[in-house]
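Here is what each chain is made of, one letter per residue.
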Amino acid sequence: MTWTTSTAITILLVGLSGCGPGDGSPDGSVDASCSLDVTLGTGDALGFTPLSDGDAAEVILGFQGFRMLQLAVRITETRASRADVSAYLAIDATGVEVDQRDDQLRLWPAADGSVVVERYLLFFNDAPASQIIGQDGRLDVIARAGGCTGGSSVTLELRDDDTCIAFDVDAAFPDGAILDAGALDGAMACESP
Amino acid sequence: MTALLAAVLLLIGCSDDVGALEPPRELRPVANPFGPEDPLWAPQPHREKPAAIVADPARGRVYVALTGTEEEPGRQIAVVDASSLSTLARVDVGPGPIAMAVHPGGRHLVVLNRFARHASVVDLDRLRVTAEIEVPFYCEAIAFDASGERALVGHRHGDRVVRWRVRAEGSRFEVDSEDAPELGPRAGLSVPANPRRIVALPGGGWLVTSETEMALTRLEADASRVAATYRPNAPVLDVAVVGAFAYVLHTGHGSGHPPADGFDGDGDGAPGDGTANVTFQDVQNEITVLSLPGLEPVHEYTSDSICCRDYRDVDPDRPDVGAELAPRDAWPAERVAFMPPRPTWIVAGAMPERAVPFRRADGSDALAVVFGGSSEVQTFDVDADGALAPRETAASGLHATGLGAVDAVEVDGRLLVVDRLSETLTAIELDGPPAAERVSAVVGDVGGGDFPATDVELGEAFNTVTAPFSVDGDQTCIHCHRDGTPIAKPVSMPLLDDPDNGVRLVMSYRGAYDTRPWFVEAAMDEQNFFPVINELARKENFCCEQRDPRVWSRYPTQEQCLADRALDGCRHVLECLDDPPPECADRGYGGETLTRDEHFRRAARRVLGRDTSFGDGLWSERLGPDGQIVRRPINLGFDGITRALGLFLLSRPRRLPNPNAVAPSALALRGEAIYHSSEAGCATCHPLPVTATARPTVATEAPGPTSFPYLVSPLRHPLTGADVDITNAAFLGTFPDARQDAGGLRVGVPAIRGSWDRERFFHHGAARTLHEALATPGHPALRSGEVGRNEREGQPNTHGGTSQLDAEDLDALVAFVETL
């Protein structure tokens, strides 16, 4: 689901500056006079594939045991070269919440005039695999570029279909050239090499 | 610029003398580029940051230096009643009071002002400054001898000690400096970098500590020469003398390499670093006892948790368990031989900052150690042979202090501890058990709320009091990043492709706001620099993270259980939080909680008093039901704490005003022209003022980020010649901004501003001085023992064109870089 309108968007920015933990009650408003069309997907500027509700997203095991999604974010209606991206993922079934903020991500131009944040990594640093894998998560992404703002939301099925760990860094990457490597994971070990 | 240069040269007559232009009395703080324009900015409460304390037993007082910060230096000392801890008065001194000493005559207190060229002499009867003594900038260490006729003052401007002859009679306090203060940084005897503590030896002579250059130096009584040096391969944090022994606080000899192969981390000429653990598990909290006067080690004590908290710790009782780990973490049984004897595992706190000798009620010698990283004090009994026996242990509990405990003094059987972050003094009864309630009093400023009161302060707290967040309770950020200036120690890092042989020099994080991306890999910033913090609390240590191979290799995989929940053991796999496998309780190592998130949040509640951010700088954003952007504070789990630390680093650049810049010598001015010349090319990659090709910010412009193939020779494997500077493939996959190809790692351009205060340069620390960093091999400007490192694989001038410079011109270039 992508929310945009063809006219200027008024975004109510609900903040808690200076307050303790709260329920997100309104604290003010910001008038964003321009909007961005934001789409979550996979791939890169040469080949971007949008994600739709219910699509599977592969959880990758990376360096030092970090788990992450590798996504891409396509933005239209901007000439900016960099974007700030905030992400929030919630897994209702297990209560997992992931939020992440990345500033000044490079935007790569695509042939259709859009720009893409390539290799956008969303890390699950605070949640065990059992609370992530096999679960559905709703992912919100908010992008800011060139003074404009836009967002997108999609529900993903988090999977780890490729459970193979690359013991030898010279071995062929298991799937789609995405490196799924790191220390041996007892819950996710592949066959011995 | 050329006209200005010419005018200045005319003005000073082309003299090369330092201080040809008279330097100002005080240094002005460096402007902080992080301001309201940045969306992460929020107003911060004013803090005094008390940092030093001395006792005045005759008057029943203590004096506390209200040092402030680099951006907002304090200018006062607090006069405090030692019994009630109430502040009686404040005395105005100079900017950044950082060290003090009461003259043995009892009438005068000398206060060293970090950012001034004068020390303040306070008449303790009148409680006001009655004299000022000219000194170099950045004097940070002082001690009187027992007679009060001599004093030694250390300055980090020139890494030297200045000798005073003192005459104190009645209200008069006069100093004849044996080392001409007008020489500025060249005044005094050269000692290891950034001298921080000085102790006068009872029999004559002096001990001088260096954190940056990791050395303890003994000087002769007249301080005219170095008599002995002890180098523990770790920052020397403090030294205390009890009888015939010196007690040295440091952070462990290891460099994170294997003990008997790989990089010679301890510099003894043999492979390895001599310590059993590797990477961040090699960071310890140690006390070495040296005999005087020769500084020979006679006893060594280490962390009580050197084993077996982290899943990777070498375990002398189970030498075979190392083989059960993943290949990258595994250790061979032989490593147990490098573990120190178990009776020496007695240091129970983290980040030993201060050692204070005292006498117990029965008259026996004892030593109190203040731990800033765990907010604790531990006392030790000292026997006739200098050996230590702990009075308190982790099991019995240590004495609690406030946050940021950094200095202490003993008064009438109580230890008064300065809590730099909490803005308090804590009083500890030294002969009693740890108190149930901490006795403390405010000495600084908590008008803006008790610390921490903002998201920046959450990060600041974590930066110092990191230990409770680590699995073994041993490590803090400030073990290596001391006071913002890094120790001059190349260490192994997990991102290396060959961590046994590769190194990375500890990074400086002063000025972090406008020098992103950070680290030589140019791939991390405040949002994703979690690899280091990750090493302090790896997920393998928390059973339901399901990453411990010793446990989870016995059970089906997640995928198998999702396909068939009836498989044996699947309830543990899928419902671990409710039904952990029995092996979790029997492991004997790891965290107490089942998940890392709970570990961090529990530590946050204990240390910070909360487990969510305030929301003034750290928040999450999501889309509300009507398309609104809704913000909420973030949880202080691993990610939240990492972001808090990143916010602190952005908000507090902690840049030291450069004393060389305020009155540049003619040599430096000449060097500026060379810096900007196309022949040298320095400004191309190190453009002023940031001196790095960094990412632009809302407040600064910058051309980067940019990374380059090696400009200097990489470190190579001693046997195979392989490049050991490269990172591993997994790191590249996780940090896509890092670049590496067949030619090696592409290295980001680090900021060189602040080099005047640092030792060792380049990503591998191969250049020990700026001369070595800039000079081509054999350059005439190289001093005895120096090696020119401006070359790559024998090709000179790869790090700037300098071979064409004569010795004086290269000296000029160095002089200019030292003004940045």
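Details of the structure are given in the entry above.
About the cut-offs
Residues numbered from 1 in each chain as written. Chains lettered and ligands numbered in written order. Predicted model: local features only at pLDDT ≥ 70, side-chain atom pairs only at ≥ 80, totals over all residues. Heavy atoms only, no water. Helix = DSSP H or I, 4+ residues; strand = E, 2+ residues; numbered from the N terminus. Buried < 20%, exposed > 50% of the residue type's maximum accessible area, 1.4 Å probe, protein only. Contact = heavy atoms within 4.5 Å. Areas by Shrake-Rupley, 256 points an atom, 1.4 Å probe, with all protein chains shown as cover. Axes fitted to C-alpha atoms, helices over the stretch in contact; angles between N-to-C directions. Parallel < 35°, antiparallel > 145°, perpendicular 65-115°, else oblique. Nonpolar A, V, L, I, M, F, W, Y, C, P; charged D, E, K, R; others polar. Buried area = accessible area lost by both parts, 1.4 Å probe. Salt bridge = Lys/Arg side-chain N within 4 Å of Asp/Glu carboxyl O. Polar contact = N/O pair within 3.5 Å; in protein donor to acceptor, adjacent residues only side chain to side chain. Pairing = 2+ DSSP bridges. Disulfide = S-S within 2.5 Å. 1 Å grid on protein atoms, 1.4 Å probe; cavity = no way out; pocket = protein on both sides within 12 Å on 5 of 7 lines; lining within 4 Å. Points joined across faces, edges and corners; volume = space filled by probe spheres on them.

S.K.: Kindly report on the overall build of chain A, identifying the contributing residues and their values.
M.R.: A tally of helices and strands in chain A yields 0 helices and 12 strands. Reading chain A from its N terminus to its C terminus gives the helix and strand order β-β-β-β-β-β-β-β-β-β-β-β. The buried share among the 193 residues of chain A stands at 53%. Across chain A, every contact between residues at least 6 apart in sequence was considered, and the portion connecting residues at least 24 apart equals 64%. By element, 48% of the accessible surface of chain A is carried by carbon and sulfur atoms, the whole surface being about 8100 Å².

S.K.: If you had to explain the packing of helix α2 (residues 455-464) of chain B against helix α9 (residues 638-651) of chain B to someone new, which residues and values would you point to?
M.R.: Residues and elements named next belong to chain B. One way to put it is that α2 packs onto α9 with a least axis distance of 7 Å and a crossing angle of 100 degrees. The angle between α2 and α9 falls in the class roughly perpendicular. For the pair α2 and α9, contact is made by D455, V456, L458, G459, E460, F462 and N463 and by I641, A644, L645, L647, F648 and S651, respectively. Of the residues belonging to the contact of α2 with α9, the class tally is 8 nonpolar, 3 polar and 2 charged.

S.K.: Lay out the interface of chain A and chain B in plain terms, naming residues and giving numbers.
M.R.: Counting residues at the interface gives 66 residues for chain A and 71 residues for chain B. When the two sides are added together, the surface that chain A and chain B hide from each other amounts to roughly 5500 Å², 55% of it contributed by carbon and sulfur. Taken as a group, A:F63, A:Q64 and A:R101 account for 14% of the area that chain A buries against chain B, more than any other trio of residues on that side. Between A:R144 and B:E621 there is a salt bridge; the shortest N-O distance is 2.8 Å. Summed over the shared surface of chain A and chain B, the result is 17 residue pairs in polar contact (both at pLDDT 80 or more). The element that contributes the greatest number of residues to the side of chain A that touches chain B is strand β8 (residues 96-106) of chain A, accounting for 7 residues. Its residues assigned to classes, the side of chain A that touches chain B shows 30 nonpolar, 22 polar and 14 charged.

S.K.: Could you give an account of the pairing of strand β2 (residues 61-68) of chain B, with specific residues and numbers?
M.R.: Residue and element names in this part refer to chain B. Of all 8 residues making up β2, 8 are buried, and the element is well covered by its neighbours. Of the two faces of β2, the one holding R61, Y63, A65 and T67 and the one holding V62, V64, L66 and G68 are both buried throughout. Sheet topology places strand β1 (residues 50-56) next to β2; 6 bridges connect them, and they run antiparallel. What sits directly across from V54, in β2, is Y63. Between β1 and β2, which pair antiparallel one after the other, the connecting turn spans 4 residues, and G60 there sits at a positive phi close to 65 degrees. In this structure, β2 lies alongside strand β3 (residues 73-81), joined through 7 bridges in antiparallel fashion. Directly across from A65, in β3, lies its bridge partner I77. Taking the residues that link successive antiparallel strands as the turn, the β2-β3 hairpin has 4 residues.

S.K.: Give me the state of the cysteines: which residues, what numbers.
M.R.: Residue and element names in this part refer to chain B. Under the definition given, this model contains 5 disulfides over all chains. Linked covalently through their sulfurs, C307 and C308 form a disulfide whose S-S length is 1.5 Å. One disulfide, between C307 and C308, carries an S-S torsion of 70 degrees and so falls in the right-handed class. Relative accessible area serves as the criterion here: at 7%, C307 is assigned to the buried category. Here C543 engages in a disulfide with C584; their sulfurs sit 1.9 Å apart. Handedness here is read from the sign of the S-S torsion; for C543 and C584, about -85 degrees, the answer is left-handed. Here C543 is found in the loop between α3 (530-536) and α4 (549-552), whereas its partner C584 is found in helix α7 (residues 582-586), with 41 residues between them in sequence. Since its relative accessible area comes to 3%, C543 is described here as buried. No disulfide involves C682; its sulfur sits 9.0 Å from that of C685, the nearest cysteine. The exposure class of C682 is buried, given its relative accessible area of 13%. On the basis of relative accessible area, C685 is assigned to the buried category, the value being 18%.

S.K.: Mind laying out unusual backbone geometry, listing which residues take part and the relevant values?
M.R.: Residues and elements named next belong to chain B. Backbone torsion omega between L292 and P293 reads 5 degrees, so that peptide bond is classified as cis. That bond from L688 to P689 is cis: its omega, 0 degrees, falls within 30 degrees of zero. Even without glycine at this site, T279 takes up a positive phi of about 40 degrees. Here T279 shows up in the loop between β19 (245-250) and β20 (286-291). Phi at Q546 takes a positive value of approximately 60 degrees, unusual for a residue other than glycine. Among the structural elements, Q546 can be located in the loop between α3 and α4. Assessed through its relative accessible area of 0%, Q546 is described here as buried.

S.K.: Describe empty space enclosed by the protein, naming the residues involved and giving the relevant values.
M.R.: Over the atoms rolls a probe the size of a water molecule, and its path tells where empty space is left. A complete count under the given rule lists 6 cavities of 30 Å³ or more for this structure. Contributing to the lining of the largest cavity are 34 residues, with B:V406, B:R420, B:R482, B:D483 and B:R654 lying nearest its centre. Contributions of two or more residues to the lining of the largest cavity are made by β2, β14 (195-200), β28 (405-411) and α2 of chain B. Among the elements that make up the lining of the largest cavity, the one with the highest residue count is α2(B) (3 residues). Taken together, the residues of the lining of the largest cavity sort by class into 8 nonpolar, 10 polar and 16 charged. As a volume, the second largest cavity reaches approximately 70 Å³. Together, A:R101, B:L40, B:E526, B:Q527, B:G617, B:L618, B:W619, B:R643, B:G646, B:L647 and B:L650 line the second largest cavity.

S.K.: Tell me about the sheet that holds strand β16 (residues 215-219) of chain B, residues and numbers included.
M.R.: Residue and element names in this part refer to chain B. An order of β14-β15-β16-β17 is seen for the 4 strands of this open sheet, with the pairing classed as antiparallel. Since the sheet does not close on itself, it has two edges, and those belong to β14 and β17 (226-230), each with one partner. Averaged over all neighbouring strand pairs, the angle between strand axes comes to 20 degrees, with direction disregarded. The sheet contact formed by strand β15 (residues 206-210) and β16 spans 5 bridges and is antiparallel. Along β16, the bridge assignment pairs S210 with A215.

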